[in-house]
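# Structural overview for review
Here is what each chain is made of, one letter per residue.
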Amino acid sequence: MFKKPAAVKIAGKVVLITGSGAGIGRLMALGAAKRNAKAVLVWDLSETAGQETVAQIKAQYPQVVAKFYQVDVTKIEQVSTQAAAVLEEFSAVDVLINNAGIVNGKAILDLSENEIKRTFEVNSLSLFRVVREFLPQMLAKDHGSIVTIASAAGLVGVVKQTDYGASKFAAVGFAQSLRAELRDMGSNVHTLLYCPYYIDTGMFAGVSTKFKHLLPILQPAVVAEQVLTAIEKGRQMKVAPPLVRLVQLVQPLPVPLVDQLLDFFGINKTMEHFVGRK
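Reading the values: the criteria
- Residues numbered from 1 in each chain as written.
- Predicted model: local features only at pLDDT ≥ 70, side-chain atom pairs only at ≥ 80, totals over all residues.
- Heavy atoms only, no water.
- Helix = DSSP H or I, 4+ residues; strand = E, 2+ residues; numbered from the N terminus.
- Rg over C-alpha atoms; globule rule 2.2 N^0.38 Å.
- Buried < 20%, exposed > 50% of the residue type's maximum accessible area, 1.4 Å probe, protein only.
- Contact = heavy atoms within 4.5 Å.
- Areas by Shrake-Rupley, 256 points an atom, 1.4 Å probe, with all protein chains shown as cover.
- Lys, Arg positive; Asp, Glu negative; His and termini not counted.
- Charge placed at Lys NZ, Arg CZ, Asp CG, Glu CD.
- Salt bridge = Lys/Arg side-chain N within 4 Å of Asp/Glu carboxyl O.
- Phe/Tyr/Trp six-rings, centres within 6.5 Å; stacked < 30°, edge-to-face > 60°.
- Pairing = 2+ DSSP bridges.
- Right-handed = clockwise from strand over helix to strand, strands pointing away.

Looking only at helices and strands, the protein chain features 8 helices and 7 strands. Its C-alpha atoms give the protein chain a radius of gyration of 18 Å, within 12% of the compact-globule value 19 Å for 278 residues. By principal-axis analysis of the C-alpha atoms, the protein chain measures approximately 55 × 50 × 35 Å. Relative to its full complement of 278 residues, the protein chain shows a buried share of 52%. Sequence-distant contacts in the protein chain: of pairs separated by 6 or more residues, those separated by 24 or more amount to 74%. Of the roughly 13,000 Å² of accessible surface on the protein chain, 58% is carried by carbon and sulfur atoms. The centroid of the 30 positive side-chain charges in the protein chain is displaced by 7 Å from the centroid of its 23 negative side-chain charges.

With that out of the way, let us pick up the pattern of salt bridges. Inspection of the entire model under this criterion finds 7 salt bridges. Notably, a salt bridge pairs Arg35 with Glu225, separated by 2.8 Å at the nearest N-O pair. Of this pair, Arg35 sits in the loop between α1 (23-34) and β2 (39-44) while Glu225 sits in helix α6 (residues 220-233), and the two are 190 residues apart along the sequence. Here Glu272 makes a salt bridge to Lys269, at a shortest N to O gap of 3.7 Å. Taking relative accessible area as the criterion, Glu272 reaches 45% and is therefore assigned partly exposed. For Lys269, a relative accessible area of 52% puts it in the exposed group.

Under the defined criterion, the tally for this structure stands at 9 aromatic pairs. Taking the centre distance of 4.9 Å and the plane angle of 50° together, the rings of Tyr197 and Tyr198 count as tilted. Note on Tyr197: relative accessible area 9%, which makes it buried. Overall, Tyr198 belongs to the buried group, its relative accessible area being 8%. Between the aromatic rings of Phe204 and Phe274, the centroid separation amounts to 6.1 Å while the plane-to-plane angle is 65°, which identifies the pairing as edge-to-face. Of this pair, Phe204 sits in the loop between β6 (190-196) and α6 while Phe274 sits in the segment after α8 (255-264), placing them 70 residues apart in sequence. In textbook terms, an aromatic cluster arises when at least three aromatic residues are bridged by ring pairs, as seen for Tyr164, Tyr197, Tyr198, Phe204 and Phe274.

Moving on to the environment of Ser126. Along the chain, Ser126 turns up in helix α4 (residues 113-141). With a relative accessible area of 4%, Ser126 lands in the buried category. Those residues in contact with Ser126 that lie beyond four places of it in its chain are Val73 and Glu121.

Another aspect to go through is the pairing of β2. Note on strand geometry: in a regular strand, side chains alternate between the two faces of the sheet. For β2, a buried count of 6 out of 6 residues is recorded, marking the element as mostly surrounded by other parts of the structure. With burial as the criterion, each face of β2 is covered, one bearing Ala39, Leu41 and Trp43 and the other bearing Val40, Val42 and Asp44. Where strand β1 (residues 14-18) and β2 come together, 5 bridges link them in parallel fashion. From the neighbouring strand, Val15 faces β2, where its bridge partner is Val40. In this fold, the crossover linking β1 to β2 by way of α1 has right-handed handedness. In this structure, β2 lies alongside strand β3 (residues 65-70), joined through 6 bridges in parallel fashion. From the neighbouring strand, Ala39 faces β3, where its bridge partner is Val65.

So, in structure tokens, the structure goes:
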């Protein structure tokens, strides 16, 4: 029988967001506070950025508990230590948003071994580390939401994204397999896979789009709201803009035809003037 996991309302819940010192992570943290979360836990590598997010939450939503944890998600010891600290103080995390991510924007021969490894450490392997810390208590309560912020680059390959795209394909596979495992268990723990096109946060500064109405560069505030709303509605996968979903539908077509379609939409030219966040 078709069954969707129970949706998770953010009000009164403990929300933890990785990479929430800036960009959509910060906006989702503020959005969760606006929706009356009980507590918003900010995980970020940068203490300055993370504490600024906490300060903004406290200034705008003083009724919400906001706390910063300095975490490098590529370090299993840090993830485990800080997760233990979270569970000791708050007992449980109700909404876990894996948002931390990085991009290099280089051709394959220009990438260093360390750059490739770090991309996978942050964008892919950290998902396992963080989820394995908080999933047991969600299973025990049979309630919670685990969100994977992936990318449209996890649905189709793009020039100058061999490392980034591969890491996001891994993130998509992780989220889909996690959903399958939870269904197989009969668990009510909810999962959401979110695959956006480029977001105007600075991370992808310099990228361009050929058809601005069909494939617009997304606004961070809109993306943050989409994610939080999708959690509360119990959505299990969302792409933005909707045209991105067509990428999945055309994959069975002959490869040369798929390539021509991607070229028509200018997908493989989007990174030509990429500069990224400096």
